[in-house]
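Architecture at a glance
The lines below spell out each chain.
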Amino acid sequence: MKTNQSIRPFPRSLTKTLGSLTFAVGSPASGSLQSKIAGIFFGLCLLLTSCGEKDPAPPEVSANEPTPAASEAPAEIPEEASAPEEESVPEEAAGKLDVEKDELKFGFIKLTDCAPIVIAKEKGFFEDEGLQVEVIAQSNWKVLLDNVITGNLDGAHMLSGQPIAATIGIGTEAHIVTPFTLDLNGNGITVSNAIWAQMQENDLDLDTDTPEHPISADSLKPIVDDLLAEGKKLQMGMVFPVSTHNYEIRYWLAASKIHPGFYSKTDLAGRTDAAVELSVTPPPQMPATLEAGTISGYCVGEPWNQQAVAKGIGVPVTTNYDIWKNNPEKVFGVTRKWADENPKTLIAVTKALIRAGKWLDATEGGKLINREEACRILSQPNYVGADYEVIKNSMTGTFIFQKTDVREMPDFNVFFKHDCTYPWYSDGVWFLTQMRRWGQITEAKPASWYAEIAKKVYLPDVYMAAAELLLEEGELMQSDLPKTEDGYKPATTDFIDGLEFDGKKPIEYLNSFDIGIKDDPSLAEK
């Protein structure tokens, strides 16, 4: 424990955060976790204020002012002048939270977007918060979720749709929450060489070394129709029923009038009225399943699209950046019970993850300066375990569609910029609209329900508590903080079909699709 440290008065920025948290406690969406977060900041306030009364604070020093060089030896302090042990500064006041649990186990799937969790461990960001974290690979998304629910894991790298789906009872039911979005973008849709050749025959503009992007599914539709005429269906893979990948491949297909099928209470596979059959395949198994001919295409995260190119077995035709620009891909999830029991620990974990995201997106002269190191770490067998060069392609801003079609995509993987890491309510609303569009939510819901569920799952108060502490510690700048008053992103048309999504208008968005379930427009006002 550090001793003999000066304590500043309670910072105004933290006072502002405290005020917002206190307000949240009185709101309809509040719960015990918000109350505990507010209590944490009240405690810090009283502690720092009382310490300041005992020992007047020194003048504030700007973060831009130089500090003494390491070679300048500090003046010696007579032994009798040393501060007595009992007056040493509590660790919480020195920037560390007095966490409820300091030995943690986090799960992940072998994908490059597990990077913030891995980097927070390997670069010591968890350790800086007094946390000893074990990071454990999981075989698939269901096993991962089950291990979080049963307590075998404290938290995990999750699909953005998982906390929402679990909370509303799609599949395994449990109240899962997230204070942190791990990344944006990062997925692709790959087809077999045979399917790609047929797509080129159907659209001669694709029969070139560098076809124009984005590539829609228009040239796939004749292939699908021919198979249907023969009594067959094109088989494609995705990673989980509530994954971003499932909704993205469905979005891509439906934008070209290819029906991906509906879910229902009696059809949990989602194949009712389907022109293409989608099945679940764990991400690392996608290339081998494609090569075996079991599926003819898939939607997955990296490095498993680039792996198909490296092995010469398939062609990525589009990325999710072109399906929905800067879409949320993965989140860090815990059970609500765990969050309520460990509020300080959750803030500490979120602090470490924010630092990891910023480290991953750090640039100099427009060049990502830490990604190659990150790729070497991720290539280790205990993490992603894929070849360094394969991981490096997309992680360093280059995406290979074909060996003749190599494109710069600096935002293919985003871990911090574009306010990536903030848990936006509007992100949750988008996933809910897709769950309803394809029948996973079996009954119509009013617009207010979408907002209520998003606020039940997403924890911006936790994120902002962590961010404000990092701001005070000099790890973030004010410009790094998200710019929002209500947790909703502005409306956007950055989709492959050009339709507008406004998180505050879920019913209007749902009803704007040509293919998909539609609800009574009057629900928009309820």
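Residues numbered from 1 in each chain as written. Predicted model: local features only at pLDDT ≥ 70, side-chain atom pairs only at ≥ 80, totals over all residues. Heavy atoms only, no water.

To continue, consider the overall build of the chain. Check the secondary structure of the chain and you find 20 helices and 15 strands. A total of 526 residues make up the chain; the buried ones form 55% of that total. Contacts in the chain between residues far apart in sequence, at least 24 positions, make up 74% of those at least 6 positions apart. For the chain, the accessible area works out to roughly 22300 Å², and carbon and sulfur atoms hold 50% of it. (Helix = DSSP H or I, 4+ residues; strand = E, 2+ residues; numbered from the N terminus. Buried < 20%, exposed > 50% of the residue type's maximum accessible area, 1.4 Å probe, protein only. Contact = heavy atoms within 4.5 Å. Areas by Shrake-Rupley, 256 points an atom, 1.4 Å probe, with all protein chains shown as cover.)

Moving on to the packing of aromatic side chains. How two aromatic rings sit relative to each other is set out by the distance from centre to centre and by the angle between their planes. What the rule picks out here adds up to 22 aromatic pairs. When the ring of F106 is compared with that of F332, the centres are 5.0 Å apart and the planes differ by 75°; the resulting orientation is edge-to-face. Residue F106 is located in strand 1 (residues 103-108), and its partner F332 is located in strand 10 (residues 328-335); the two are separated by 226 residues in the primary sequence. Relative accessible area serves as the criterion here: at 0%, F106 is assigned to the buried category. With a relative accessible area of 1%, F332 lands in the buried category. With a centroid separation of 6.4 Å and 25° between ring planes, the pair formed by F180 and Y463 is classed as stacked. Note that F180 is positioned in strand 4 (residues 176-185) and Y463 in helix 19 (residues 460-472), a separation of 283 residues in sequence. We classify Y463 as buried; its relative accessible area is 2%. Grouped by ring-pair contacts, the aromatic residues Y247, Y251, W324, W430, F431, F495, F501, Y509 and F513 constitute a single cluster. Lying across the ring of Y388, R376 places its NZ or CZ 3.9 Å from the centre. (Phe/Tyr/Trp six-rings, centres within 6.5 Å; stacked < 30°, edge-to-face > 60°. Lys NZ or Arg CZ within 6 Å of the ring centre and 35° of its normal.)

Once that is clear, we can look at the packing of helix 9 (residues 244-254) against helix 17 (residues 425-437). Relative to each other, helix 9 and helix 17 sit at 65°, their axes nearing to 11 Å. Between helix 9 and helix 17 lies a crossing of left-handed hand. Only W430, F431, Q434, M435 and R437 of helix 17 make contact with helix 9, whose side of the interface consists of T244, Y247, Y251 and A254. In terms of residue class, the contact of helix 9 with helix 17 is made up of six nonpolar, two polar and one charged. (Axes fitted to C-alpha atoms, helices over the stretch in contact; angles between N-to-C directions. Left-handed = near helix turned anticlockwise from the far one by under 90°. Nonpolar A, V, L, I, M, F, W, Y, C, P; charged D, E, K, R; others polar.)

It is worth spelling out unusual backbone geometry at this point. Here the amide bond leading from H213 into P214 is cis, since omega sits at 5°, within 30 degrees of zero. In this fold, P214 is placed in the loop between helix 7 (193-202) and helix 8 (221-229). Following E302, the chain continues into P303 via a peptide bond in cis, with omega recorded as 15°. Summarising the element assignment, P303 is placed in the loop between strand 8 (297-301) and helix 11 (304-311). Phi is positive for N326, which is not a glycine, with a value near 55°. Mapped onto the fold, N326 is located in the loop between helix 12 (320-323) and strand 10. In this structure N326 comes out as buried when scored by relative accessible area, which is 16%.

Time to look at the pattern of salt bridges. Applying the stated criterion across every chain yields a total of 24 salt bridges. Its salt-bridge partner being E230, residue K232 comes within 3.8 Å of it at the nearest N-O pair. Across the pair D411 and K417 runs a salt bridge whose closest N-O atoms are separated by 2.7 Å. It is possible to trace a salt-bridge network through shared partners that takes in D113, E329 and K330. (Salt bridge = Lys/Arg side-chain N within 4 Å of Asp/Glu carboxyl O.)

With that out of the way, let us pick up helix 17. Residues lying three or four places apart along an α-helix face the same way, a consequence of the helix completing one turn every 3.6 residues. When the terminal C-alpha atoms of helix 17 are compared, their 19 Å separation across 13 residues agrees well with the 18 Å that a helix rising 1.5 Å per residue should span. Of all the 13 residues making up helix 17, 13 are buried; the element is thus mostly covered by neighbouring parts of the structure. Of the residues one or two after helix 17, G439 is the one with positive phi, at around 90°. (Expected span 1.5 Å × (residues − 1).)

Here we have six strands laid out as an open sheet, ordered 2-1-3-10-4-15, and mixed in their pairing. Of all the strands in the sheet, just strand 2 (132-137) and strand 15 (413-414) have a single pairing partner and so form its edges. The strands that helix 9 touches are strand 3 (155-159) and strand 10; relative to strand 10, the one it contacts most, it runs at about 150°. (Pairing = 2+ DSSP bridges.)

Attention now goes to the side chain of N187. Relative to the assigned elements, N187 resides in strand 5 (residues 187-192). A distance of 3.3 Å separates a polar atom in the side chain of N187 from a polar atom in the side chain of H245. Apart from residues no more than four positions distant in its own chain, N187 is found in contact with T244, H245, E248, V300, G301, N305, T319, N320, E329 and F412. (Polar contact = N/O pair within 3.5 Å; in protein donor to acceptor, adjacent residues only side chain to side chain.)

With that settled, the discussion passes to the nonpolar core. Ranked by internal contacts, the top residues of the largest apolar core, which has 142 residues, are M199, L220 and F332. Of the residues forming this core, the biggest block, ten residues, is contributed by helix 14 (residues 343-360). (Core = buried A, V, L, I, M, F, W, Y, C linked by side-chain atoms within 4.5 Å.)

Bringing the environment of K221 into the picture now. Within the secondary structure, K221 sits in helix 8. Residue K221 is classed as partly exposed on the basis of its relative accessible area, which comes to 26%. Distance in space between the C-alpha atoms of K221 and H259 is 9.9 Å, their sequence separation being 38 residues. Residues in contact with K221, not counting those within four places in the same chain, are S256, K257 and I258.

Here T404 shows up in the loop between strand 13 (398-402) and strand 14 (405-408). In sequence terms T404 and T208 are 196 residues apart; their C-alpha atoms lie 9.0 Å from each other. A distance of 2.9 Å separates a polar side-chain atom of T404 from the backbone oxygen of D209.

To continue, consider helix 11. The buried fraction of helix 11 is high, at six of eight residues. For helix 11, every residue scored as buried is listed here: W304, N305, Q306, Q307, A308 and V309. Elements in contact with the buried residues of helix 11: strand 5, helix 10 (286-291), strand 8, strand 9 (314-319), helix 16 (388-395) and strand 13. One or two steps after helix 11, the chain reaches G312, where phi turns positive at roughly 70°.

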